[in-house]
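Structural description and commentary
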Amino acid sequence: MAAMTMAVNSAASLWGPYKEIWQTVESVIWKRLPEAVHLLDLTLKKHKPDFISLFKNPAKNVQHREKVKKASIEGIAIQGQQGTRLLPEQLISEAFILSDLLDIGELAAVELLLAGEHQLPRFPGLTRGLVAILLYWDGKRCIANSLHSLIQSRQGKTWTLELSSELVSMTTRFTDELMEQGLTQKTLCLINQINLSNEFEKLQTARGLGNASHRKGVSDLIKECRQSLADCVFAWACQTPLSKDDTLFLISHMECVTLEADGTLENVNLALLMALLYCLDISFLEHVTEDREELIHQLPLLTERQYVTAIHCKLQNSQPWKLAGLQAVVRLAWALALRGISQLPDTTALTEFTEADELIANMAIGQNAFLFLTDAVVRAEGLHQDEFYIRRIHNLITDFLTLMPMKVKQLRNRADEDARIIHMSLQMGTEPPSTLRRDLEHLMMLIGELYQKDPFKLELALEYWCPSEPVQSTAMTGSFSGLTRHRPPQRQVVLSKFVRQMGDMLPPSLYLPYLKMLRGLANGPHCAHYCFSLLKVNGSSHVENIQVVGGNPVSWEHFFHSLMLYHEHLRRDMPSTDTIQYRHMPLRGITQREMDGLIAFLELTGTIIKWSENARLALCEHPQWTPVVVMLGLIQCSIPPVLKAEILKTLAAFGKSPEIAASLWQSLEYTQMLQTVRTPSQRQDTGIEVELNEIESRSEEYPLTRAFCCLISTLVESSFPTNLGAGLRPPGFDPYLQFLRDSVFLRFPTRAYRRAAEKWEVAEVVLEVFHKLLRDYEPRPEDFTDQMVELQGELLAAYKSPGYNLMFHLLNDSPMLDLCLSLLEEGVKLLDTYAPFPGKKHLEKAVEYSLGLLELALQKENQFMDWLRESHSSVIATPLEQLLQGINPRTKKADHVVNIARYLSHGNTNPDLSFESAKILCYISRYPNIQVKLVGDFTQDQTASETLMSGFVDCLDSEGAEEMIQTDAGIVPEKKSTLVRHNTKIHILSLLINSLDLKAPNLAFYLLGYELRKPVNATNLQDPGVLGCPRTCLHSILNILEKGTEGRNGPLAVKESPHLAELCYQVICQLCAYSDTSGPTMRYLRTSQDFLYSQLQHLPFAVKGHEISALNQMSWLMKTAGIELRVTSLNRQRSHTQRLLHLLLDDVPLRSYSGDAEGSLEEETRNVTGFLHFDTTSKGICIS
């Protein structure tokens, strides 16, 4: 009996069970599998103690320690296995180290090491101890994520996941029981205890950290654990108000919070702040129509006087927090809650508190609440990653503006008074007083910053605009309960009045903040239209508000009039082309303050015309303003590169309309922004090339070059004139392409950069242009013959299309191709460090465009080479797949394809890169002469070979993959990521299928684990880890098809990813049909996997909407079964043959399921007739 109590779980009790909990919760709540609901109920009852004792490790035990000490002699019992197992001394010593390191029981440490040993094939290059540490934190991550999902599924006041009422009541009841056990305080204590730096220090001391990938894995798991715990508190606060004690505990936690190095809140603390703000929120009652009374009774803010007293005393207390700004934000939320309570009926019992709302609000504003919200909250990385964070800050701001209008008026009055003081100080030549407040300025900046990003397309800023007629929009609907389609009109009227009144008689000190606020409020198609109308009306009817010549300073009239005046003034000072140009002399016509104002208005203009095509056309067609002409004229003047860059960005926004883009091309050519025509009398070059080489390179900043690339990128997408420059030079795009390629791209690695990130920003924008040009190019016969044009009496060869030029450079050993490959090599080296560095996102996009260029060249090269041969041209081109086999001058090895394949290892962090890599490898795999060379390159170094194999396997194993039919641009980022992962799997399987048709050795044999140095039929396939066998793509494919076979519904992939399952069955069938691989494959499937029996028992497959895929799946599977029946019958393996024949031909096949006891008699008795006959009425198909 004692031996049984000390039996160890080979799946590790700190990992395996938690992994199963998460898989069950995910299946029910996120995958909506109805058959898993009963299993969830059983799982929650079984593991309730694990949730109650959240993250609690089994304690060390003297008896267990002695038992483990003697395990090398006496052995140790393992659950599910007979007898005992002797443990090696090395494992025992590792168990004691792990027990001390993680503060867990000795048996739990042994379990983790045994599980780590079993999982080693999934982590090549690591030891079982390092894997055990990953499993330990992965277990904690699973239990935390499970708890978070259960709380999200609760019935509550903020959102609904649209689950069944039975499931919602189950999870609500279960989480209520956990909360009664003090869940909130446990969670907050764990967040304090788990510190990444401390954990890493302990692991470093005990040599518990491996390579960069292992460090990144451990770091990510620890961060996710803390984040999930914080999200649990946030989700609970959103759905159900926290109790008084829990709210006070949360406030006490927030008192000690500090900022990150960049001045923002860490994501964990951001989630906890949002939880606290939701605790102090009653604004949702405005939108609730159903269950209003019930919600009010559940809200302690309205029903518990002790709750209000305790919170009020805590927040009114003058004791400062570590972050005064954080205290100010919470006080502001409390003041607004008190003001909201005072406006509800039957709240006279709380009058003594609600009367203090002004006092609390003054304290909050005095502590710079708005400034802290802008700098530390809205600019935090995590704020715009959660819809409900954005909504809460939106409500906080709008509640302040609507509930405290007198306070807003006070802020404006004070701002006007301060502006007069500043003006007087400037007149007298003295410094303004240091005591001046900037609260209204901070409020405006906060509004502008919050709405500047809108990743969820909420267009919440629409509430600030009060149209004369209602706008039909889904922007005001939400994916959560309790929000009606339109806000109350009065609220919208107040907010709209705020926007208009703040612009009236605007003091100079508020000009920039007001423009930045409008820029945020114009972010969205409807918002942009209303903002455009506001600026239009300001310039026409509000004559009484005119402050300066040219009208209201916040109007189109004033802005474009000012631009024209600047242009007229600066044009007089322009040097002639004979003098030194583009060296910016001290400006007489424009001050720094004016330049800041111009840039702010240009940014506002760019935002409006980006979203509203009507605004673009209206501004361009205005007879007096002519914005495009004036802006291009200003660029010709001597103004700073930063202002020129902003003008170019605004022109790029105008260029989104094809009709404007066409005229922009001609204007660019006319103004010679890039010098495309050189006259003999001209003494020196002009234009942007001079700016780049002489000014930007010297200052080591390149805003103008980046903006020019953005402009060209927009224009080539909107409109592409073939006769550009006709009459003055040979028509075509070539001068622009030559500048982008030779001056920008080829020289970007060698230039100096003041900001390290800008190097990759330059690479990204110029590669984006190349990618668009090549994407839209289709080879044509006329590209391969010289077209002659007459220019000033001479016949000259016309420029080729830009796509042709790019193809030519990519199909030759050119500097451009070499730099693309060098970029890929440097990129994968930097990403392999798994460390943050400046410009990482821009590097990843640059790498993606480089991979995209190679993929497009491979895609188009056959047609290109065919036309080239037929033209008998003297131009030489080499197929790209051959160039990729060339020697890398930096490493002296042929490792270009290896570098491309290494991006597959980054599929989890950047699925787009692995997708592009898989596409290139799929194209290359079609060429038989390259396969042998690739296998040699992939396997010449053992460590590199294991890493590459792991990359392919990880992509096939990735769980976040989903097959979807729609691929529209409006798809949310998470869904796009799952689709990309799915398509990566499709390309890897296509690569395997392509390779299997070629002679050995080929990539398929390498990736599927077959012998390369011996005859293929001598391969002995094994499970991962057995006899040193690595985990291969074959194991991943079988794992894809195996999921769900133990249940009643059959393989999950058949229904969730029909095309993927079809290719998996095809790979298996081809391996069984090919003479060299047939023996090893069928022996492995028969003995280790029982593959055919577990698959055939679920036939026929029926997938609605994917009938053809289902037929193909069954076709490949039945072909494989036919081969198996022939082989086993010829070899007289009667038991195997009979077993399969009974399964296929018996009227009532015997089927057993593990862990699935329910089912209908109809499903149990599907017989051979049901398998062979399809729905003849609907499909007209009958197979007999």
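Quantities reported herein were computed from a predicted structural model and do not represent experimental measurements.

Considering the confidence of the model for the protein chain
Averaged over all residues, the pLDDT of the protein chain equals 87, while 90% of them reach at least 70. Confidence drops under a pLDDT of 50 for residues 469–488, and excluding neighbours within four residues, the segment shows 41 contacts in the predicted structure. Low pLDDT (under 50) marks residues 577–587, which in the prediction has 26 contacts with non-local residues, meaning those over four places away or in another chain.

Some remarks on the environment of V494
Counting through the fold element by element, V494 comes out in helix α24 (residues 489–502). Here V494 falls in the partly exposed class, since its relative accessible area comes to 24%. Separated by 92 residues in sequence, V494 and T402 place their C-alpha atoms 6.2 Å apart. Contact partners of V494, with chain neighbours within four places excluded, come to L401 and T402.

A word on the packing of aromatic side chains
Evaluated as defined, the whole model comprises 28 aromatic pairs. Centre to centre, the rings of F559 and F601 are 4.2 Å apart; their planes meet at 5 degrees, and the pair counts as stacked. Within this pair, whereas F559 is found in helix α27 (residues 556–572), its partner F601 is found in helix α28 (residues 592–611), the two being separated by 42 residues in sequence. For the pair F559 and F601, a shared accessibility class is recorded, and that class is buried. Ring centres 5.8 Å apart and planes at 80 degrees place the aromatic pair W665 and Y736 in the edge-to-face group. Taken together, the positions of W665 in helix α32 (residues 658–671) and Y736 in helix α35 (residues 734–745) put the pair 71 residues apart, joining distant regions of the chain. Accessibility classification places W665 together with Y736 in one group, the buried group. Between the NZ or CZ atom of R65 and the centre of the ring of F96, over which it lies, the distance is 4.3 Å.

Overview of the side chain of Q1095
Tracing the chain through its elements places Q1095 in helix α51 (residues 1091–1096). Of the polar contacts made by the side chain of Q1095, one reaches the backbone oxygen of L1041; its length is 2.9 Å. Ignoring sequence-local partners within four residues, the contact set of Q1095 consists of L1041, E1042, T1045, P1051, Y1065, F1101 and L1117.

Remarks on helix α47 (residues 1033–1042)
Counting buried residues along α47, eight of its ten residues qualify, which places the element largely inside the surrounding structure. Listed as buried for α47 are C1033, L1034, H1035, S1036, I1037, L1038, I1040 and L1041. Looking one or two places after α47, you find G1044, whose phi comes out positive at around 95 degrees.

Quick notes on the nonpolar core
Counting residues in hydrophobic clusters, the biggest one holds 375 residues, and the most contacted among them are F400, F938 and L1008. Ranked by residues supplied to this core, first place goes to helix α7 (residues 128–152) with 14 residues.

Cut-offs and rules
Residues numbered from 1 in each chain as written. Predicted model: local features only at pLDDT ≥ 70, side-chain atom pairs only at ≥ 80, totals over all residues. Heavy atoms only, no water. pLDDT = per-residue confidence, 0-100. Contact = heavy atoms within 4.5 Å. Helix = DSSP H or I, 4+ residues; strand = E, 2+ residues; numbered from the N terminus. Buried < 20%, exposed > 50% of the residue type's maximum accessible area, 1.4 Å probe, protein only. Phe/Tyr/Trp six-rings, centres within 6.5 Å; stacked < 30°, edge-to-face > 60°. Lys NZ or Arg CZ within 6 Å of the ring centre and 35° of its normal. Polar contact = N/O pair within 3.5 Å; in protein donor to acceptor, adjacent residues only side chain to side chain. Core = buried A, V, L, I, M, F, W, Y, C linked by side-chain atoms within 4.5 Å.

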